[in-house]
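Architecture at a glance
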Amino acid sequence: MIIIMLGAPGTGKGTVASILQEKLNIKHIATGDIFRKNIKEKTELGMLAEKYIIDGDLVPDDITIKVVEDRLNKPDIENGIILDGFPRTVRQAQELDIILQKKGKKVDRVINLVTPDEEIIERTINRRVCSNQECREVYNLLLKRPKIEGICDVCGSKLIKRKDDTEETVRTRLKTYFEQTSPLVEYYEKQGNLMTQQVSKSINKLGKDVAEDIVKILNNK
Ligand code: ADP
Ligand code: ZN
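Residues numbered from 1 in each chain as written. Chains lettered and ligands numbered in written order. Predicted model: local features only at pLDDT ≥ 70, side-chain atom pairs only at ≥ 80, totals over all residues. Heavy atoms only, no water.

Looking at the overall build of the protein chain
Condition: Strands here are runs of E lasting at least two residues and helices are runs of H or I lasting at least four, both read from the DSSP assignment and numbered beginning at the N terminus. Throughout, radius of gyration means the C-alpha value; the globule benchmark is 2.2 Å times the number of residues raised to the power 0.38. When a residue's accessible area, from a 1.4 Å probe over protein chains only, is under 20% of the maximum for its type it is buried; when over 50% it is exposed; and in between it is partly exposed. Note on contacts: a residue pair is in contact if any heavy atoms of the two residues lie within 4.5 Å. All accessible areas in this document rest on Shrake-Rupley with a 1.4 Å probe, and a residue is counted as covered only by the protein chains that are shown. For the purpose of counting charges, residues Lys and Arg are taken to be positive, whereas Asp and Glu are taken to be negative. His and the chain ends are not included. A charge is said to be at NZ when it belongs to Lys, at CZ for Arg, at CG for Asp and at CD for Glu.
Counting its secondary structure elements, the protein chain contains 9 helices and 8 strands. At 17 Å, the protein chain has a C-alpha radius of gyration in line with the 17 Å of a compact globule built from 221 residues. Along the first, second and third principal axes, the C-alpha atoms of the protein chain reach 45 × 45 × 35 Å. By the burial criterion, 46% of the 221 residues in the protein chain qualify as buried. Intrachain contacts of the protein chain at a sequence separation of at least 6 include 70% that bridge at least 24 residues. For the protein chain, the computed accessible surface area is about 11,700 Å², with 50% contributed by carbon and sulfur atoms. Across the protein chain, the centroid of the 38 positively charged side chains sits 3 Å from that of the 35 negatively charged ones.

This is the structure we're talking about:
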């Protein structure tokens, strides 16, 4: 099963994907996490990607597609994958279709998360993430506080704020999303595998509630 998480920054793609990884026993692959790991380790890829990420722009397609293609060549994805944060441009989506085709696979489901902009901004500037790359648990000072301030409940590591989670960068990331990524909604609608879900406190639905609904829908098929 190949699932894609689509949606603007801060809609809860990562939260939904990590629950689906557990429940469906498939691999969660997040391009943002791959880039952040490389930035931390100061690899060539990390140095290249960092300036785009800090500015709220997309890392160029050629670089990003290569990263994903390499990742999809590893053997641990045989049971299935959830791609979180990829594709983000029509070109990435087309290249992904080609990469999968070569492996005799295709995109099975696209989960499109939708949240009002002001709620996205409030949510991202209050987001904190576990600094331990193996853990990556996500917290929120408004919605999901850690038991001890600044410390991860799961592994005890320090929580950090992502450098790109400032109001200014989030507004740029939203603009980037609407210009370059939102055309993918139509792209996958045409393929007939799009499933749109609202994630908003106004309807009492956060990422974990949406993930439960999705598991039910997928298991009923
Ligand atoms: P969010 O969904 O909250 O914006 P991500 O962790 O998915 O966060 O992405 C962080 C940043 O990494 C993006 O703003 C972008 O600069 C870069 N990035 C991640 N995935 C891609 C991609 N598929 N193409 C280009 N850049 C990407
Ligand atoms: Zn942790």
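There is more to say, and it comes next.
Notes on the sheet that holds strand β2 (residues 27–30)
Note the cut-off: When DSSP finds two or more bridges between two strands, those strands count as paired. All axes are obtained by fitting lines to C-alpha atoms, using only the stretch in contact for helices, and the reported angles, taken between N-to-C directions, cover 0 to 180 degrees.
Ordered by their spatial adjacency, 5 strands build an open sheet running β2-β3-β1-β4-β8, and the pairing between neighbours is parallel. Two strands in the sheet have a free side with no partner beyond their single neighbour: β2 and β8 (194–198). Averaged over all pairs of adjacent strands, the angle between strand axes in this sheet comes to 20°, irrespective of strand direction. The sheet contact formed by strand β1 (residues 2–7) and strand β3 (residues 81–84) spans 4 bridges and is parallel. The residue bridging isoleucine 4 from the neighbouring strand is leucine 83, located in β3. Seen against the sheet, helix α8 (residues 183–191) touches β1, β4 (109–114) and β8 and runs at an angle of roughly 145° to β1.

Quick notes on the coordination of the zinc ion (ligand 2)
To keep it simple, the criterion reads: For Na, K and Ca the donor cut-off is 3.2 Å; for every other metal, N, O and S atoms count as donors within 2.8 Å. Water does not enter the count, which can leave sites looking incomplete. Think of it this way: with four donors and all angles in the 85 to 135 degree range, the site is tetrahedral; with four or six donors, opposite ones beyond 155 degrees and the rest between 65 and 115, it is square planar or octahedral; otherwise it is irregular.
Every protein donor of the zinc ion (ligand 2) is accounted for by Cys130 (SG), Cys135 (SG), Cys152 (SG) and Cys155 (SG), and the metal-donor separations fall at 2.3 to 2.4 Å. Coordination at the zinc ion (ligand 2) is tetrahedral, judged from the 4 donor atoms that bind it and the angles of 99 to 113° they form at the metal. Within one chain, the residues donating to the zinc ion (ligand 2) are spaced in sequence as C-x4-C-x16-C-x2-C. Here cysteine 130 is found in strand β5 (residues 127–130), whereas its partner cysteine 155 is found in the loop between β6 (138–140) and β7 (159–160), with 25 residues between them in sequence. A relative accessible area of 34% places cysteine 155 in the partly exposed class.

Quick notes on unusual backbone geometry
Cis rather than trans, the peptide bond between phenylalanine 86 and proline 87 has omega equal to -5°. You can see proline 87 is positioned in the loop between β3 and α5 (90–102). For asparagine 25, which is not a glycine, the phi torsion comes out positive at approximately 55°. In this fold, asparagine 25 is placed in the loop between α1 (13–24) and β2. Looking at asparagine 25, the relative accessible area reads 53%, which means it is exposed. The backbone of lysine 42 sits at a positive phi, close to 55°, despite the residue not being glycine.

Topic: the packing of α1 against helix α9 (residues 207–219)
Cut-off, in case you're wondering: Any angle that falls under 35 degrees is termed roughly parallel, while one over 145 is termed roughly antiparallel, one within 65 to 115 roughly perpendicular, and all others oblique. Here a crossing is called left-handed whenever its near helix is offset anticlockwise from the far helix by less than a right angle, and right-handed whenever the offset is clockwise. Each residue gets one label: Ala, Val, Leu, Ile, Met, Phe, Trp, Tyr, Cys and Pro are nonpolar, Asp, Glu, Lys and Arg are charged, and the others, such as Gly, are polar.
Running from N to C, α1 and α9 point in directions that differ by 40°, and their axes come no closer than 9 Å. The pairing of α1 with α9 is recorded here as oblique in orientation. Like other packed secondary-structure pairs, α1 and α9 cross with a definite hand, here right-handed. The segment α1 lies against α9, with Thr15, Val16, Ile19, Leu20, Lys23 and Leu24 engaging Gly207, Lys208, Val210, Ala211, Ile214, Val215, Leu218 and Asn219. Residue classes in the contact of α1 with α9 are distributed as 9 nonpolar, 3 polar and 2 charged.

Details of helix α2 (residues 31–40)
Of the positions making up α2, those classed as buried are Thr31, Asp33, Phe35, Asn38 and Ile39. In this structure, the buried side of α2 is in contact with β2, α3 (44–55), α4 (61–72) and β3. Lysine 42 sits one or two residues past α2 and shows a positive phi near 55°.

Examining the site of ligand 1
Short version of the rule: Nearness is judged by heavy atoms alone; a residue qualifies as near a molecule or strand once a single heavy atom is within 4 Å of it. Any pair of nitrogen or oxygen atoms within 3.5 Å is treated as a polar contact; in protein, a donor-acceptor pairing is required on top of that, and neighbouring residues in sequence qualify only through side-chain atoms on both sides.
Taken together, 20 residues sit near ligand 1, with Lys13, Thr31, Asp57, Gly85 and Arg173 positioned nearest. Within the side chain of lysine 13, one N or O atom sits 2.8 Å away from an oxygen atom of ligand 1. Glutamine 92 places a polar side-chain atom, nitrogen or oxygen, 3.0 Å from a nitrogen atom of ligand 1. Burial of ligand 1 by the protein chains amounts to 96% of its free accessible area of 550 Å². By residue number, the principal contributor to the shell around ligand 1 is α2, which donates 4 residues.

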